[in-house]
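Topology and contacts: notes
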Amino acid sequence: AATTTTSTTTTTTTTPVPVGATLTLLASLVEGNARNQRDLLQSQSIAVLSYLLSQLQPQQRGDDQMLAAIESLTVAVARRPKIVMQIAYWLLCNFSIWIGAKYSVQRQLLAMLRARIRATPALFSGVFDIQKVIDVLHRFYWYEPVADTR
């Protein structure tokens, strides 16, 4: 029996994922809906979303729209401090999501965090303390990556 093998070439393109639209949809689903908010909290959906977003390349995300949509999501659940805290911890303070973002987006993120922390300092006391700031600076901004010399 003769077998033939054919070769195919797969081209991978990086098309933008509509992250902002997806987060806006999520915000509209949970706004004013206690059951959906409870499910969002109990299923650890924000943590899963954080992981998925950290797996995307910066050019796939649309960081400007994503940040605005996260703000909309935060406003939609403003009366649920536990969800707001999860959004802050898993999405806003997860710098592995934001390290590849443009400088202007990173500035907007930090301004948003500063405003949130000033508005509700008790909520952020365990989420964003000085040790976390130092750890983030050390991990993401402190050192230049060393080129592999092998």
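Before going further, it helps to examine the packing of helix 1 (residues 19–30) against helix 2 (residues 34–42). For the pair helix 1 and helix 2, interaxial distance at closest approach is 7 Å and the crossing angle is 125 degrees. Taken together, the axes of helix 1 and helix 2 lie oblique to each other. Between helix 1, through L26, L29 and V30, and helix 2, the contact on the second element is made entirely by N36, Q37 and L40. Classifying every residue of the contact of helix 1 with helix 2 gives four nonpolar, two polar and no charged.

This paragraph deals with unusual backbone geometry. Trans peptide bonds make up the majority, and among non-glycine residues the majority have a negative phi. The phi angle at Q44 is positive, at roughly 55 degrees, despite the residue not being glycine. Note on placement: Q44 falls in the loop between helix 2 and helix 3 (45–55).

This next bit is on the side chain of R61. Along the polypeptide, R61 turns up in helix 4 (residues 58–61). Judged by its relative accessible area of 3%, R61 is buried. Within polar-contact distance, the side chain of R61 engages the backbone oxygen of L56 at 3.3 Å. Only 2.7 Å separates the side chain of R61 from the backbone oxygen of I97, close enough to count as a polar contact.

Scoring rules and cut-offs
Residues numbered from 1 in each chain as written. Predicted model: local features only at pLDDT ≥ 70, side-chain atom pairs only at ≥ 80, totals over all residues. Heavy atoms only, no water. Axes fitted to C-alpha atoms, helices over the stretch in contact; angles between N-to-C directions. Helix = DSSP H or I, 4+ residues; strand = E, 2+ residues; numbered from the N terminus. Parallel < 35°, antiparallel > 145°, perpendicular 65-115°, else oblique. Contact = heavy atoms within 4.5 Å. Nonpolar A, V, L, I, M, F, W, Y, C, P; charged D, E, K, R; others polar. Buried < 20%, exposed > 50% of the residue type's maximum accessible area, 1.4 Å probe, protein only. Polar contact = N/O pair within 3.5 Å; in protein donor to acceptor, adjacent residues only side chain to side chain.

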